Amino acid sequence: MNILKKISFCMVAIFAMYGCQKEPLNAECDIVEASLPTELLSKAPIVENRSVTFIIKDDVELTALAPEFTLTPGATIEPPSGTVRDFSTPQEYTVYSEDGKWHKTYTVTVKYVELALEYSFENVKVGNTNSFKYDVFYEMNPDGGESFTWASGNSGFALTGLGKDGPSSFPTFQRNDGKDGKALCLVTRKTGTFGTRFDKPLAAGNLYIGLFELGIALRDPRGATKFGMPFNMIPLSMKGSFKYKPGEQYCIFDKSYEGKLRPIEGMVDRFNIYAVLFDRTPPAGTPESEAVKFEYLNGDNVLSEDNEQIICVAEIPNEMRVATPNWKEFDIPFIYRPGKSIDTEKLQQGMYSITIVFSSSIDGDYFSGAEGSTLIVDNVELVCRKLGSTPQSDF
Amino acid sequence: MKNKFIYISLFVISLMTTNNASAQSNTTWGLIWSEMHNFEYEINASINIGGSSPMPIPGEIRKINSYKPGLNLSIGAVITKFFGTNSPWGMAISPRLEVKGMDTEAEVKNYGMSIIQDGAIVSGYWTGLVNTKYRQSLFTFPVLGVYKLSPRCRISFGPYFSVAMANDFSGSVYEGYLRETDPTGDKITFEGEDKATYDFSDNLRMIHWGVEAGFSWRAFKHLNVDAHLDWGLSNIFHSSFKTVNFDLYPIYLSVGFGYAF
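The structure reproduced in this document is the subject of the present report. Since this is a predicted model, take the numbers as computed values, not measurements.

Our focus in this paragraph is the overall build of chain B. A count of helical and extended segments in chain B gives 2 helices and 11 strands. When the helices and strands of chain B are read in sequence order from the N terminus, they spell out α-α-β-β-β-β-β-β-β-β-β-β-β. Taking all 261 residues of chain B together, 50% fall into the buried category. For chain B, the proportion of contacts with a sequence separation of at least 24, taken over those separated by at least 6, is 74%. For chain B, the accessible area works out to roughly 12400 Å², and carbon and sulfur atoms hold 65% of it.

This brings us to the pairing of strand β25 (residues 310-315) of chain A. When a strand is regular, its side chains alternate between the sheet's two faces. Residues and elements named next belong to chain A. For β25, a buried count of 5 out of 6 residues is recorded, marking the element as mostly surrounded by other parts of the structure. Here β25 pairs with strand β27 (residues 335-336) via 2 bridges, running antiparallel. Residue V313 lies in a different strand from β27, and its bridge partner there is I335.

Residue and element names in this part refer to chain A. The antiparallel open sheet is built from 3 strands, whose spatial order is β17-β18-β24. Two strands lie at the open edges of the sheet, namely β17 (210-212) and β24 (297-298), each paired on one side alone. Examined bridge by bridge, β17 and strand β18 (residues 225-227) share 3 bridges and lie antiparallel to one another. Opposite F212, over in β18, you have T225 as the bridge partner.

Before going further, it helps to examine the pairing of strand β13 (residues 183-187) of chain A. Residues and elements named next belong to chain A. Burial analysis of β13 places 5 of its 5 residues in the buried class, the great majority of the element. Burial along β13 is two-sided: the residues A183, C185 and V187 and L184 and L186 are all buried. Bridge analysis of strand β12 (residues 172-175) against β13 gives 4 bridges, and the strand direction is antiparallel. Residue pairing across strands places Q174 opposite L184, the latter belonging to β13. Note: β13 against strand β30 (residues 374-386), 4 bridges, orientation antiparallel. Bridge pairing in β30 places L184 opposite V377.

All names here are of chain A. Tracing the backbone shows R175 in strand β12. Note on R175: relative accessible area 27%, which makes it partly exposed. Counting along the chain gives 53 residues from R175 to E122, while the straight-line C-alpha distance between them is 9.3 Å. For R175, the residues in contact, after removing those within four places along its chain, are K182, A183, C185 and I376. In this structure the side chain of R175 is engaged in a polar contact, spanning 2.8 Å, whose partner is the side chain of D177.

Another point: the packing of aromatic side chains. Aromatic ring pairs are reported here in terms of the distance separating the ring centres and the angle at which the planes meet. Across all of its chains, the model carries 26 aromatic pairs over all chains by this definition. Ring geometry for W33 of chain B versus F39 of chain B: centroids 5.7 Å apart, planes at 15°, classification stacked. An angle of 5° between the planes, with centres 6.4 Å apart, marks the rings of F39 of chain B and Y41 of chain B as stacked. Judged by its relative accessible area of 25%, F39 of chain B is partly exposed. Among the aromatic residues, those joined into a cluster by ring pairs are Y119, F121, F137, F148, W150 and F358 of chain A. A cation over a ring is seen here: K125 of chain A above Y138 of chain A, with NZ or CZ 5.4 Å from the ring centre.

Reading the values: rules and limits
Residues numbered from 1 in each chain as written. Chains lettered and ligands numbered in written order. Predicted model: local features only at pLDDT ≥ 70, side-chain atom pairs only at ≥ 80, totals over all residues. Heavy atoms only, no water. Helix = DSSP H or I, 4+ residues; strand = E, 2+ residues; numbered from the N terminus. Buried < 20%, exposed > 50% of the residue type's maximum accessible area, 1.4 Å probe, protein only. Contact = heavy atoms within 4.5 Å. Areas by Shrake-Rupley, 256 points an atom, 1.4 Å probe, with all protein chains shown as cover. Pairing = 2+ DSSP bridges. Polar contact = N/O pair within 3.5 Å; in protein donor to acceptor, adjacent residues only side chain to side chain. Phe/Tyr/Trp six-rings, centres within 6.5 Å; stacked < 30°, edge-to-face > 60°. Lys NZ or Arg CZ within 6 Å of the ring centre and 35° of its normal.

Right, dumping it as structure tokens:
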């Protein structure tokens, strides 16, 4: 056996020598970090695969800003980092990879703390995946610019390889037959071989205000759904219209079961619609490195009773979470958590964030639900009061 | 040691065959005939060490972290015919049943791959660790030209053909990240326990061919020490298989013993 070991070592050595070719140049062309002076910002910059968003304080001018960028090592950016530009409209930057073979165009948007309040789900654009196209919902400001983009788990579903029949094969997509015009459609899907292998056999259709961080979705699926965007009004209630059809067979996630979904007889799937206003300020004494955890709520804590960040919640009552074949209206008030109230100074500085969440399976974040559960939503509105205006009713 | 046990078993079996009384007269006549016509026979057993390797190893493979040849046994026979009693030249065929395999772990950067399973396709560029398990059971048939260097040493060279009977080419990727479709695509990170497995066994070719160069030394009257290098010239995968960006060629060194009649 000794001779064999010696021969094995020789083979490894030969392969190793062969293998010691020059390190290939980097092919990636990412913006890894983006920055503007912290005093201008309401919130940390948001960097995604093809976009960067800065949310600035109300008193900051956006006509002459010079954001700086950290890139994949060896990559270059046009126009260069630190160039002064007018961000009245979103500006484009192109990053070129070190090896010269790849480039990526980023849209950099600078906006104030404000969110559109009425959602009719008329606007979709193509999701930023190179392979399967999916719908990305966005909202417009009254003055014409883009207000924000809704997040969903679609980019994760794209990795299952099952989205090949177009946007309507994804869990979240736009439908033509809305109450008025088009509507949001959420369908709980099975994720096939790939998703099941990663212990995520079901994907509920979801749409929410926030971000979906695909990069960590594998190891921390509930951490990947980051809820919230800065908001500076007082929310009073949320209303809208919906239809719901639960899927045929409710299943619970069970790792040891075939397909990792164990059918439960007699249990019917339910949907969820809710909105949360929360405080982004980290508790006193939190170290800098931990502060980032308070920027968003996530799948683990967005409705938790003991989450101190939450100010008020509007959640659809359980008796409404049933099969609803015809359009039904909902109008849910924001209920304050015990001991919580709005600090007007924090609100003015944009320290609060709001999220609205729609999901076709209430336990979808734990991969339980019924395949085919369908929630259709249209004409949603956040009824709010601006700071400084007279309250219309007691709350 | 399992290998030694196998060798010893083979020797015992072959010795028993020649000592069998009822077969003796036929065997003796057979051996005399063979000697007159310059035929030689041998049965042998050996071990293959090597792997399927891209030629040359592309820059995307940064490092080979581990390599295990696996238990690659080969059992066969050699029939050699010399062109004349005193001629050093001859021809041989050496059909054998053999296993070629290897287990490796490599570090790769921007390794293009796509995985097709149950109709779903996921493709992208992987940076991170890849382990590969490759195993084929083959029936191999070399046709060699033989040259006797000395009464006890001979070298051989020629093409070989193999038919695969069992195929396995599978493994997993882990501890790294995937860029979906191309390096500008969405990035998804695999950490710790996360891994994606692939299985390209169905894409391995059934028929392989290459060249073989061998060396044989007669240690004792009936015992040969054999070595040969099989250099594959055909990609182990079908040409329609585009997932792995480069061709892989099986290159194996075989070392063993033979019993010469």
